[in-house]
Amino acid sequence: MTAFLPKSISCLTPSNPGFVNLGLKLGKDKLFKYINLFGFGTKTGIDLNGESKGILFDTEKIGDLELATTAFGQGVSVTPIQQITAVSAAINGGILYKPYIVKSLNEPETNSVILENNPTKVRRVISKDTSEKVRYALESVVARGTGHNAYIGGYRVGGKTGTAQKAVNGAYLSGNYITSFIGFLPADDPQVIVYIAVDNAKGITQYGGTVAAPIAKNVLLSTIDILDIEKRDNAIEREYLYTDRQYYEVPNVVGMSVKDATKALKNFKVEYTGNGDIVKYQSPSSGISVYEGDTIRLLLD
């Protein structure tokens, strides 16, 4: 928990000038009021040792330049758990909760509960109506924007990409970024949130949407299976570019022979576990749309 993840941008992307204007219109008092309400600059109180509070500008020393850069994330640092906690508040209806690692500690012989963590409300940060608008905006990022590599057909994924410069000895590095993606589902009733950060990815254009979003998608696909999350209606329709990879819906191959399953999964890479000839389990589940060439894992019996 001692590492920082800089929330900074290497150059002014199309969204950043808008946030600069917003920051200047809000003024430092109101902007930093909400930064503090969301928990940045203070420890979350999570049950781990060594938590850091992050780095923010001293409000007494903020001019227009610091106000502008803070508005779009340059020159500040936050921890991963702060990021998760704050975004959760933005999408859960507006309530900031104290995070914890373990739901409960149980006595192994009797299974009696020794220690149990329950959700602890810290404060309301934004209204339910505002939170609903944030969820819609973040779903749009995945369906129509830079987060499209995290899109999962029928499951309403929301999220935001990040591309942060790294500072060393007071200067930003060139060509060396922390790329990230924070995603959640379902966007209309969030149950899972995932934060992926990759430090200085090699062999790929360093953007959160190209590096971290596909990883987050794979994690979210696994949670769909583990938590048995159902498909949702009224999703924002996915917009495709001519450069986008093709999506295919995963067929149901449970109960099929290896030969028939392989034939049915011709658009995907297939990995097998087990020694039998009949498919007992598949991941991702049938009905999910994934990229052509993605891996489908089969358990044989």
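The notes below deal with the structure included here. Model, not experiment: these values are computed from the prediction. (Residues numbered from 1 in each chain as written. Predicted model: local features only at pLDDT ≥ 70, side-chain atom pairs only at ≥ 80, totals over all residues. Heavy atoms only, no water.)

Quick look at empty space enclosed by the protein
And step 1. Applying the stated criterion across every chain yields a total of 1 cavity of 30 Å³ or more.
And step 2. Roughly 50 Å³ of internal volume is contained in the largest cavity.
And step 3. Lining the largest cavity, in full, are Glu-139, Val-142, Ala-143, Tyr-151, Ile-152, Gly-154, Tyr-155, Arg-156, Val-157, Ala-235 and Ile-236.
And step 4. A per-class count over the lining of the largest cavity returns 8 nonpolar, 1 polar and 2 charged. (1 Å grid on protein atoms, 1.4 Å probe; cavity = no way out; pocket = protein on both sides within 12 Å on 5 of 7 lines; lining within 4 Å. Points joined across faces, edges and corners; volume = space filled by probe spheres on them. Nonpolar A, V, L, I, M, F, W, Y, C, P; charged D, E, K, R; others polar.)

Considerations on the nonpolar core
And step 1. If you look at the biggest cluster of nonpolar residues, it comprises 38 residues, and the most contacted ones within it are Ile-152, Leu-265 and Leu-298.
And step 2. Contributing elements (two or more residues each) for this core: α4 (128–144), β8 (171–185), β9 (192–199), α5 (208–227), α6 (258–264), β13 (289–291) and β14 (295–300).
And step 3. Here this core gets 7 residues from one element, more than from any other, and that element is α5.
And step 4. Ranked by size, the runner-up nonpolar core spans 15 residues in total, among them Phe-32, Ile-35, Ala-86 and Leu-96. (Core = buried A, V, L, I, M, F, W, Y, C linked by side-chain atoms within 4.5 Å. Buried < 20%, exposed > 50% of the residue type's maximum accessible area, 1.4 Å probe, protein only. Helix = DSSP H or I, 4+ residues; strand = E, 2+ residues; numbered from the N terminus.)

Observations concerning the sheet that holds β14
And step 1. Pairing within the open sheet is mixed, and its 3 strands lie in the order β11-β14-β12. Two strands in the sheet have a free side with no partner beyond their single neighbour: β11 (269–273) and β12 (279–283). Strand after strand, the sheet turns through a mean of 25° between neighbouring axes, direction not considered.
And step 2. Sheet topology note: the β11/β14 ladder contains 5 bridges and is parallel. (Pairing = 2+ DSSP bridges. Axes fitted to C-alpha atoms, helices over the stretch in contact; angles between N-to-C directions.)

Here's the deal with a nonpolar patch on the surface
And step 1. On the surface, Leu-48, Ile-101, Val-102, Leu-105, Ile-114 and Leu-115 cluster together into a nonpolar patch covering about 530 Å² of accessible area.
And step 2. One can find Leu-48 in the loop between α1 (15–37) and α2 (64–72).
And step 3. In this structure Leu-48 comes out as partly exposed when scored by relative accessible area, which is 39%. (Patch = residues over 30% accessible without salt bridge, like charges linked within 9 Å, V, L, I, M, F, W, Y side chains within 5 Å. Areas by Shrake-Rupley, 256 points an atom, 1.4 Å probe, with all protein chains shown as cover. Salt bridge = Lys/Arg side-chain N within 4 Å of Asp/Glu carboxyl O.)

Regarding the packing of aromatic side chains
Given two aromatic rings, one states the distance between the centres and the angle between the planes to describe the pair.
And step 1. Summed over the entire model, instances satisfying the criterion amount to 0 aromatic pairs.
And step 2. Just above the ring of Tyr-291 sits the side chain of Lys-217; from NZ or CZ to the centre is 4.2 Å.
And step 3. Taking the ring centre of Tyr-151 as reference, the NZ or CZ of Arg-238 above it sits at 5.5 Å. (Phe/Tyr/Trp six-rings, centres within 6.5 Å; stacked < 30°, edge-to-face > 60°. Lys NZ or Arg CZ within 6 Å of the ring centre and 35° of its normal.)

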